[in-house]
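Residue strings, one per chain:
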Amino acid sequence: MEELIKLDTVDKYNKLFGLETWHPMVSVVDLSKASQWPEHLKVNYGVYALYLKETKCGDITYGRQPYDYQEGTIVCFAPGQVAETEMQKDVRPLAHGLLFHPDFIRGTTLGQEIKKYSFFSYETREALHLSEEERAIIMDCLHKIEAELHHNIDRHSRRLITANIGLLLDYCMRFYERQFVTREVPNKDIIVRFERLLDEYFDSKAPQEIGLPTVKYFAEQVFLSPNYFGDLISKQTGKTVTEYIQTKLVDRAKELLLSSPKSMSEIAYSLGFQYPQHMSRMFKRVVGITPNEFRSTNG
């Protein structure tokens, strides 16, 4: 059984590649300067990590599928995630990266906002593809962080480093939003598939057997991570996946209320609600009246 490396410090990562550690909790790495590197690496991340790939020199697998990790792309990992890297033989890794321990940002503004950077949980086919201009911006952010790491630590150090990490992550958010737009055709295909999957779900026995559908369920059907899938749908349509599901539920409930003799409770159970009052509350929130009021008004 291959060894799973628990990467719980930035120093442990630097030692794997023969790099110097300038700060115990933050590291900007340039893998072209590595004095050693493993050809195969399976890592359980205990730190946040972001890599900017310079050339295709190996493959990364996250989950069950390969990362869309080519020249000029960024991939990110959060604590708790496991990834495998397979390096090409006799090929020096060429990538820049940022690693930082979650304790470094704890109690800071960045620590409070880190969950908004949902791309840390993106998976297969979801790397960020950069233009030359975007790559230059990312490299500038890394250089600023690196300059602070080489500066003598003073009372400003932590704030300046976390501010520059936040700036880098904000740029990644902007560039991902741009990517959602520039990859519009394949993204629209995913939306069409999602709408079809919604219909298929409610046309089947799944609501009674599984219950209400989740974001995770549909993300798995289109081979995307829940965060990437949710962000894609939101950016393309202005609606969250949950809002999409609720709209479909309300439409189905309206149809059954007007075309079926079933009671409101029977309809609720047939749509996957565990309790009828849950459907009633959601229906009233969306439509403005209760299911029974809708039936009596339109029946």
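Look above for the structure.
In this text the structure is predicted, and so the values were computed from the model without any measurement.

Draft legend 1. Region of the structure containing helix 10 (residues 241-259). Helix length check: helix 10 (19 residues) gives 27 Å between terminal C-alpha atoms against 27 Å at 1.5 Å per residue, within 8%. For helix 10, the full list of buried residues reads Val241, Tyr244, Ile245, Lys248, Leu249, Val250, Arg252, Ala253 and Leu257.

Draft legend 2. How the structure looks around the sheet that holds strand 7 (residues 73-77). Ordered by their spatial adjacency, five strands build an open sheet running 2-9-4-7-10, and the pairing between neighbours is antiparallel. Two strands lie at the open edges of the sheet, namely strand 2 (26-30) and strand 10 (128-129), each paired on one side alone. When strand 7 meets strand 10, the two strands line up antiparallel, connected through two bridges. Along strand 10, the bridge assignment pairs Thr73 with His129. Each of strand 2, strand 4 (48-53), strand 7, strand 9 (95-100) and strand 10 is contacted by helix 4 (residues 132-150), which is oriented at about 125° to strand 2, the strand it contacts most.

Draft legend 3. Layout of the nonpolar core. Among the nonpolar cores identified, the biggest contains 66 residues, and Phe120, Leu169 and Phe229 are the most heavily contacted of them. Ranked by residues supplied to this core, first place goes to helix 5 (residues 157-182) with eight residues. Within the second largest apolar cluster, 21 residues are counted, among which are Ile5, Val10, Val75 and Ala95.

Draft legend 4. Local environment of the layout of surface pockets. Put simply, the largest pocket is a space of about 300 Å³. The wall of the largest pocket is formed by 16 residues, among which Val28, Val29, Asp30, Lys33 and Glu146 lie closest to the centre. If you list the elements that add at least two residues to the lining of the largest pocket, you get strand 2 and helix 4. Counting residues per element, the lining of the largest pocket draws most heavily on helix 4, which supplies six residues. Per-class residue counts for the lining of the largest pocket are seven nonpolar, five polar and four charged.

Draft legend 5. Representation of the pattern of salt bridges. A complete count under the given rule lists 13 salt bridges for this structure. The partner of Lys15 in a salt bridge is Asp11, and the shortest N-O contact between them spans 3.1 Å. Here Asp11 and Lys15 lie together in helix 1 (residues 10-17), a separation of four residues that amounts to about one turn. By relative accessible area, which is 57% here, Lys15 ends up exposed.

Draft legend 6. Expanded view of the pairing of strand 3 (residues 40-45). Looking at chain direction, strand 1 (residues 5-7) and strand 3 are connected through three bridges and run parallel. Bridged to Lys6 within strand 3 is Asn44. Bridge count for strand 3 against strand 8 (residues 82-87) is five bridges, and the pairing is antiparallel. Across the sheet, Asn44 pairs through a bridge with Val82, a residue of strand 8.

Draft legend 7. Quick peek at the pairing of strand 7. Across the five residues of strand 7, five count as buried, placing the element largely inside the fold. Here strand 7 shows two buried faces, one formed by Thr73, Val75 and Phe77 and the other by Ile74 and Cys76. When strand 4 meets strand 7, the two strands line up antiparallel, connected through four bridges. Note on strand 7: the bridge partner recorded for Ala49 is Phe77.

Conventions we followed
Residues numbered from 1 in each chain as written. Predicted model: local features only at pLDDT ≥ 70, side-chain atom pairs only at ≥ 80, totals over all residues. Heavy atoms only, no water. Helix = DSSP H or I, 4+ residues; strand = E, 2+ residues; numbered from the N terminus. Expected span 1.5 Å × (residues − 1). Buried < 20%, exposed > 50% of the residue type's maximum accessible area, 1.4 Å probe, protein only. Pairing = 2+ DSSP bridges. Contact = heavy atoms within 4.5 Å. Axes fitted to C-alpha atoms, helices over the stretch in contact; angles between N-to-C directions. Core = buried A, V, L, I, M, F, W, Y, C linked by side-chain atoms within 4.5 Å. 1 Å grid on protein atoms, 1.4 Å probe; cavity = no way out; pocket = protein on both sides within 12 Å on 5 of 7 lines; lining within 4 Å. Points joined across faces, edges and corners; volume = space filled by probe spheres on them. Nonpolar A, V, L, I, M, F, W, Y, C, P; charged D, E, K, R; others polar. Salt bridge = Lys/Arg side-chain N within 4 Å of Asp/Glu carboxyl O.

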